[in-house]
Amino acid sequence: MKILVIGNGGRESAIANTIRRFHEDATIYVAPGNGGTDEKYINVPIKVEALEELANFAQKESIDLTVVGPEVPLVMGIVDVFQERGLKIFGPNKECAQFEGSKHFTKQFLMRNNIPTARYASFTRDAVEECVAESKNFSLPVVVKADGLAAGKGVLICETYEAAEEGIRDIFSGKFGEAGEMIVLEEFLTGIEASLLCFVDGDTIVPMETARDYKRALDGDEGLNTGGMGGFSPNPIITSEVKKNIETQILEPIIKGFKKENLQFKGVLFIGLMIEGSEPKVLEFNVRFGDPETQSVLPRLQTDLVQIMNACIEGNLNTTPITWDERQSVTLVLASQGYPESSHKGDIITGLDTLEEETILCHAGTKRINNTVQTDGGRVLAITRLADSLEVARKEVYEEVKKIQFDGMQFRTDIAK
Ligand code: AMP
Ligand code: GLY
């Protein structure tokens, strides 16, 4: 079997590792991949945005299944490009990828289908003054969001109306290009966040084990927003009562909405949730696996991931039992100097070969040069451990990290604390 994984982050490393766990003899290509996938699999030097080139490669190599990691190619319509050529690919089509490509699109869907979410109002660029005026009808802090993909930088939590106005004018000034042609204003929600990744086959939605992500750069949730500095699974905020509410108030209406609106969503739907008491509300949808949630969740998967992805594509999810390891996982991200404002490349990483066998290592921003592994991006590595308790998994992760060194290495010390 030949598999192509598209992307170069820790998430894609985790996806490839999980496929390998169930398919020892599969040939796994990663485009463009990183220093870790270069060693374990076959890197293919094609960018994630080069949709036609990727499809050419899949066709030439007779790839059996392509898995898309990041959102950008999904929003660009990679699934439609592959499907037109009869190539099997896991992910939502361009129409459904709008759930991540446009916050306005998602908010409208949520409202139409009575799914709990923050109150909102949307404005196009020709309505700057109306947008500024409306922002004052929200209590503080008010949330100002660029509608489109902004690599995690398009969400502003504004403590004053002046800051909101500045943010609105800034986004509409063109700073985010097309992503800033529309703004979504939102009521600020309080509570505890959780990430719920779900497999979807068009008719059935099956939640994976829950996770928690740490988005801020520094301990105590201080510092700038990042892609995610660590996480764990399961997330204890999702009690059985919350789970039931998610099932009836969110998952069932989503599937009904997909059917009613003729949306053929197949792939992973990542639901960002805010939980207050036992009441869940939707913060956002992503249309892919999360990073670093995937590094925490997939090591717990006990069913063949390829079988599940095929079931999503073929519409057999309801007859595909999925089982999970009862153990808990903790994932720690190691970032390079300057992250998230910048990243430092070329620092030599040592100690990776001294890690214990039980430690799951996922490369992200790394490359191999003359037998050395070097930093090559913001988030460099993620290490995960599974244990019977969160405390033990956490202790083991922080023991293992002591063995890894590179100049400027930074990580949070309070993941899963
Ligand atoms: P989003 O990309 O929309 O999920 O926003 C990124 C992050 O901003 C979320 O993970 C939350 O931490 C925060 N956030 C977004 N929207 C809200 C909201 N309405 N209330 C509170 N926090 C929010
Ligand atoms: N960890 C959040 C995300 O993948 O969007």
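Everything that follows concerns the structure shown earlier in this document.
Residues numbered from 1 in each chain as written. Chains lettered and ligands numbered in written order. Predicted model: local features only at pLDDT ≥ 70, side-chain atom pairs only at ≥ 80, totals over all residues. Heavy atoms only, no water.

A. Molecular detail of the overall build of the protein. Assigned secondary structure in the protein consists of 13 helices and 23 strands. With respect to the three principal axes, the spread of C-alpha positions in the protein is 60 × 45 × 45 Å. When the 417 residues of the protein are sorted by exposure, 58% land in the buried category. For the protein, the accessible area works out to roughly 17600 Å², and carbon and sulfur atoms hold 47% of it. (Helix = DSSP H or I, 4+ residues; strand = E, 2+ residues; numbered from the N terminus. Buried < 20%, exposed > 50% of the residue type's maximum accessible area, 1.4 Å probe, protein only. Areas by Shrake-Rupley, 256 points an atom, 1.4 Å probe, with all protein chains shown as cover.)

B. Summary view of the site of ligand 1. Neighbouring ligand 1 are 14 residues; K145, E186, L189, E193 and E284 lie closest to it. In this structure, E186 approaches ligand 1 through a side-chain N or O atom, which is 2.7 Å from a nitrogen atom. E187 is positioned such that a nitrogen or oxygen atom in its backbone is 2.9 Å from a nitrogen atom of ligand 1. Across the complex, the protein chains shield 88% of the 460 Å² of accessible surface that ligand 1 would expose by itself. For the shell around ligand 1, the secondary structure elements donating two or more residues are strand 7 (142-146), strand 8 (155-158), strand 9 (182-187) and strand 17 (279-286). Taken together, the residues that form the shell around ligand 1 break down as seven nonpolar, no polar and seven charged. (Near = heavy atom within 4 Å. Polar contact = N/O pair within 3.5 Å; in protein donor to acceptor, adjacent residues only side chain to side chain. Nonpolar A, V, L, I, M, F, W, Y, C, P; charged D, E, K, R; others polar.)

C. Expanded view of the packing of aromatic side chains. Tallied over the full model, the rule gives eleven aromatic pairs. Here the aromatic rings of F99 and F258 are separated by 5.7 Å at their centres, their planes lie at 50°, and the arrangement is tilted. Of this pair, F99 sits in helix 6 (residues 94-101) while F258 sits in helix 10 (residues 240-260); the two residues are 159 residues apart in sequence, bridging distant segments of the chain. Overall, the relative accessible area of 0% leaves F258 in the buried class. Here the aromatic rings of F99 and F265 are separated by 6.4 Å at their centres, their planes lie at 50°, and the arrangement is tilted. Residue F99 is found in helix 6, and its partner F265 is found in the loop between helix 10 and strand 16 (266-276); the two are separated by 166 residues along the sequence. Note on F99: relative accessible area 2%, which makes it buried. By the ring-pair criterion, three or more aromatic residues cluster together here, those being F99, F105, F109, F258, F265 and F285. Across the ring face of F138, the terminal group of R119 is positioned such that the distance to the ring centre comes to 4.1 Å. Positioned over the ring face of Y214 is R212, at 4.1 Å from the centre of the ring. (Phe/Tyr/Trp six-rings, centres within 6.5 Å; stacked < 30°, edge-to-face > 60°. Lys NZ or Arg CZ within 6 Å of the ring centre and 35° of its normal.)

D. Here's a closer look at helix 8 (residues 128-135). When helix 8 is considered as a whole, its buried residues turn out to be V128, C131, V132 and S135. For helix 8, the arc enclosing every buried residue in end-on projection is 100°, short of the 170-degree limit, so these residues lie on one face. (Arc of directions from axis to C-beta.)

E. Spatial organisation of the environment of K345. Checked against the element boundaries, K345 lands in strand 19 (residues 345-349). Here the alpha-carbon distance between K345 and S233, two residues 112 residues apart in the chain, equals 30 Å. Excluding its chain neighbours within four sequence positions, the residues that come into contact with K345 are T375, D376 and G377. (Contact = heavy atoms within 4.5 Å.)

F. Representation of the pattern of salt bridges. For the structure on display, the rule yields 27 salt bridges. For E186, the salt bridge is made with K107, and the minimal N-O distance between the two is 3.4 Å. With a gap of 79 residues between them, E186 in strand 9 and K107 in helix 7 (residues 103-112) connect regions that are remote in the sequence. Take E186 and K107: they sit in the same class, and that class is buried. One salt bridge in this structure joins D291 and R379, with 3.6 Å as the shortest N-O distance. Taken as a pair, D291 in the loop between strand 17 and helix 11 (293-297) and R379 in strand 23 (residues 379-387) lie far apart in primary sequence, 88 residues in all. Overall, D291 belongs to the buried group, its relative accessible area being 13%. (Salt bridge = Lys/Arg side-chain N within 4 Å of Asp/Glu carboxyl O.)

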